[in-house]
Amino acid sequence: MSVKTRDLGMTPLDDLFSTEESRAESQLEKVVTLNPAEISDFPNHPFKVKQDEAMAEMVDSVRKYGVLVPALVRPKEDGGYEMVAGHRRKFAAALAELTEIPCIVRNLTDDEATIIMVDSNLQRETILPSEKAFAYKMKLDAMKRQGQRSDLTSATKLQKSAGKTSREILAEQAGESHEQIRKYIRLTLLIPELLQMVDDGKIAFSPAVEFSYLKEQEQRSLLDTMELEDCTPSVAQAKKLKQFSQDGKLTDEVILSIMQEEKPNQKEQFKMPKERISKYFAPGTPAQKIEDTIVKALELYRKRQRDREAER
């Protein structure tokens, strides 16, 4: 580690005769340069750092100009540092093969670090449902723990004086309703496969919240049925699944029966056994490509039929 600015390293005797101004100055945070390899990620960091186009642009910028905004880290008891805010900058610096990045070192409790980490990442333009879900849960848990301490934070004092719950305070800070916060946190109870489908836009938010009330094995049975039937439940179907689960009657047969119900806005679909067309396509060909190829073949067939009729 190289340090751009350093503390004076005063002994207790020096501190005895130092002025209040000099003591305050010695407590000021300073920017230091750290090797990204010395900085571990925040435990259970809910925000994904992707190697996408935006990251490629950041890497290019970092390679040219360096990391301009210091990351925020906290020292670890066993040595080294833990990232609080700046995971994408650290990742970009590593890809750009930088050996040093500017950092602010701050002593923070676990709860203080969690709240700062969540708040700094919620400023992103695009946030996945799963990221919001785990971020809100982490911050809410930290706020509740702070409320049990004697050295209460300002947020907890607000809760105490205004009679607000931690979730209501979090909702105000996040610009969401407290009911929406509750629904997002419910998503943390989904199995990873279903939660990924929510992130991918394959399952809508509202049905996903209803799925969160199903037991893990029920969710896995639902996932198998969805793959088998190639469909996802509507909100009404999801609520029905939830009710059967709460009544202790949600069997595989019930799940299949509910999933096979025709939705009000469901379009009629044509299905063909895969065995009849598999010989025309290479193994592993995506379903969408098979569908597109068949449609193009039918269009070509129709065109030839019209040409023949025109020649008669």
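In this text the structure is predicted, and so the values were computed from the model without any measurement. (Residues numbered from 1 in each chain as written. Predicted model: local features only at pLDDT ≥ 70, side-chain atom pairs only at ≥ 80, totals over all residues. Heavy atoms only, no water.)

**Side note on the overall build of the protein**
Each helix and strand counted, the protein has 15 helices and 5 strands in total. When the 312 residues of the protein are sorted by exposure, 34% land in the buried category. Contacts in the protein between residues far apart in sequence, at least 24 positions, make up 72% of those at least 6 positions apart. (Helix = DSSP H or I, 4+ residues; strand = E, 2+ residues; numbered from the N terminus. Buried < 20%, exposed > 50% of the residue type's maximum accessible area, 1.4 Å probe, protein only. Contact = heavy atoms within 4.5 Å.)

**Quick word on the pattern of salt bridges**
A side chain with one charge may pair with a side chain of the opposite charge, provided their charged atoms come close. Overall, the coordinates contain 15 salt bridges when judged by the stated rule. A salt bridge links Asp60 to Lys64, with the nearest nitrogen and oxygen atoms 3.4 Å apart. Residue Asp60 and its partner Lys64 are located together in helix α3 (residues 53-65), separated by 4 residues, close to a single helical turn. The salt bridge involving Arg220 is made with Glu216; its shortest N-O contact spans 3.6 Å. Here Glu216 and Arg220 lie together in helix α12 (residues 216-229), a separation of 4 residues that amounts to about one turn. The class of Arg220 is partly exposed, set by a relative accessible area of 28%. Judged by relative accessible area, Glu216 falls into the exposed class, the value being 52%. (Salt bridge = Lys/Arg side-chain N within 4 Å of Asp/Glu carboxyl O.)

**A few points about the sheet that holds strand β5 (residues 101-105)**
With mixed pairing, the 5 strands of this open sheet are ordered in space as β1-β5-β3-β4-β2. Strands with a single pairing partner mark the edges of an open sheet, and in this sheet they are β1 (31-34) and β2 (39-40). Both strand β3 (residues 71-75) and β5 contribute to a ladder of 3 bridges, which runs parallel. Paired with Ala71 across the bridge in β5 is Cys103. Each of β2, β3, β4 (81-85) and β5 touches helix α4 (residues 87-95); the most contacted strand, β4, lies at about 120 degrees to it. In the packing of helix α5 (residues 110-121) onto the sheet, the strands contacted are β3 and β4, and the crossing angle to β4 comes to about 45 degrees. (Pairing = 2+ DSSP bridges. Axes fitted to C-alpha atoms, helices over the stretch in contact; angles between N-to-C directions.)

**What to know about a nonpolar patch on the surface**
Where nonpolar side chains cluster on the molecular surface, the patch consists of Tyr65, Leu68 and Val69 and spans about 380 Å² of accessible area. For Leu68, the position within the fold is in the loop between α3 and β3. (Patch = residues over 30% accessible without salt bridge, like charges linked within 9 Å, V, L, I, M, F, W, Y side chains within 5 Å. Areas by Shrake-Rupley, 256 points an atom, 1.4 Å probe, with all protein chains shown as cover.)

**A look at the pairing of β4**
Of all 5 residues in β4, 5 are buried, a share of seventy percent or more. Relative to β4, β2 runs parallel, the two sharing 2 bridges. Directly across from Ile39, in β4, lies its bridge partner Tyr81. As paired strands, β3 and β4 are joined by 4 bridges and run antiparallel to one another.

**What about the side chain of Gln237?**
Looking at where Gln237 falls in the secondary structure, it is placed in helix α13 (residues 235-246). For Gln237, the side chain forms a polar contact with the main-chain oxygen of Ile258, separated by 3.0 Å. From its side chain, Gln237 meets the backbone oxygen of Glu261 in a polar contact 3.2 Å long. (Polar contact = N/O pair within 3.5 Å; in protein donor to acceptor, adjacent residues only side chain to side chain.)

**Regarding the packing of α13 against helix α14 (residues 252-259)**
Running from amino to carboxyl end, α13 crosses α14 at an angle of 160 degrees, the nearest separation of the two axes being 10 Å. Classified by the angle their axes make, α13 and α14 are roughly antiparallel. As for the relative orientation of α13 and α14, their crossing is right-handed in sense. Contacts from Gln237, Lys240, Leu241 and Phe244 in α13 reach Val254, Ile255, Ile258 and Met259 in α14. A breakdown of the residues in the contact of α13 with α14 according to their chemical character gives 6 nonpolar, 1 polar and 1 charged. (Parallel < 35°, antiparallel > 145°, perpendicular 65-115°, else oblique. Left-handed = near helix turned anticlockwise from the far one by under 90°. Nonpolar A, V, L, I, M, F, W, Y, C, P; charged D, E, K, R; others polar.)

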